[in-house]
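Coordinate inspection notes
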Amino acid sequence: MKIGILAYQGSFEEHALQTRRALDVMGLDGEIVPVKQKKDLDVDGIIIPGGESTTIGIVASKMGLLDELKAKANEGLPVLGTCAGAIMLGKEVSDAKVGKKSQPLLGIMDISVMRNYYGRQRESFEANVDLSELDGGMQRVVFIRAPAILKVWGNAQSLSKFQGTYVIVKEGSLLATTFHPELSSTTKVHEYFISMVRK
Ligand code: GLN
């Protein structure tokens, strides 16, 4: 199994480590590779980490990767988008402050995402979220200038809610989290994604 991690900015190292830990827990072998160009997309699953969704989108589109990744995801390539990565996946995206603004996105998941939902005062915080749908129970996770998923429709299904918003959503082979699962002690989100990749 080969898992790619988009490596323009954001927590590549942490995602790589967490993916390795999850593979170990599951007793699986796997290769973890950075993805920057189209040719790197020869993977069985891909993680889009947090960072700044505008930057990630602009760079991915300049590298010619955005369209290719979108096509592959539509063909069933499993994608885990965390924080800015969840924004990249959304069909509907707006910003808490400036409202709707166009930015390059994958736009493939039936979710409505609001960027910077928690505003300045609570830019970053830790909270307990319910990972029981992922066989993980209550877990402490980190939100960093996090978006919120406010609406899901179509085939998108909520796997966890927190304070009235969706924090984990799955749609077929796509998985979005508004928090940073690579910064938690639990590896459950990565394990869950790996099991999606194995299917
Ligand atoms: N605020 C960022 C954005 O809107 C996301 C933050 C993150 O990924 N930690 O793109």
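The structure under discussion appears in the preceding block.
A brief report on the enclosed structure follows. Being a predicted model, the structure only gives us computed values, none of them experimental.

1. Overview of the overall build of the protein chain
The helix and strand inventory of the protein chain stands at five helices and twelve strands. Its C-alpha atoms put the protein chain at 40 × 40 × 30 Å along the principal axes. Within the span of the protein chain, comprising 199 residues, buried residues form 53% of the whole. The contacts in the protein chain between residues at least 6 apart in sequence include a share of 65% that link residues at least 24 apart. Computing the positive centroid from 24 side-chain charges and the negative centroid from 23, the protein chain places the two 5 Å apart.

2. A closer look at the environment of isoleucine 32
Position of isoleucine 32 among the secondary structure elements: in strand 2 (residues 31–35). A relative accessible area of 19% places isoleucine 32 in the buried class. Linking isoleucine 32 and valine 43, residues eleven residues apart in sequence, is a C-alpha distance of 9.1 Å. With near-sequence residues (within four places) excluded, isoleucine 32 lies in contact with Ile3, Ile5, Ala16, Thr19, Arg20 and Leu23.

3. Re the side chain of histidine 180
In this structure, histidine 180 sits in the loop between strand 12 (174–177) and helix 5 (188–198). Judged by its relative accessible area of 7%, histidine 180 falls in the buried class. At 2.7 Å, the side chain of histidine 180 and the side chain of glutamate 182 are in polar contact. Apart from residues lying up to four places away in sequence, histidine 180 is in contact with Ser11, Gly50, Cys83, Val142 and Ile144.

4. As for the environment of asparagine 74
As for its position among the elements, asparagine 74 is in helix 3 (residues 65–74). Sequence spacing of asparagine 74 and isoleucine 108 is 34 residues, and the spatial spacing of their C-alpha atoms is 7.6 Å.

5. Examining the site of the ligand
What surrounds the ligand is the set Gly50, Gly51, Glu52, Ser53, Cys83, Ala84, Ile87, Arg115, Asn116, Ile144, Arg145 and His180. Serine 53 is positioned such that a nitrogen or oxygen atom in its backbone is 2.7 Å from an oxygen atom of the ligand. In the complex, 98% of the free accessible area of the ligand, which totals 300 Å², lies under the protein chains.

Each value, and the rule that gives it
Residues numbered from 1 in each chain as written. Predicted model: local features only at pLDDT ≥ 70, side-chain atom pairs only at ≥ 80, totals over all residues. Heavy atoms only, no water. Helix = DSSP H or I, 4+ residues; strand = E, 2+ residues; numbered from the N terminus. Buried < 20%, exposed > 50% of the residue type's maximum accessible area, 1.4 Å probe, protein only. Contact = heavy atoms within 4.5 Å. Lys, Arg positive; Asp, Glu negative; His and termini not counted. Charge placed at Lys NZ, Arg CZ, Asp CG, Glu CD. Polar contact = N/O pair within 3.5 Å; in protein donor to acceptor, adjacent residues only side chain to side chain. Near = heavy atom within 4 Å. Areas by Shrake-Rupley, 256 points an atom, 1.4 Å probe, with all protein chains shown as cover.

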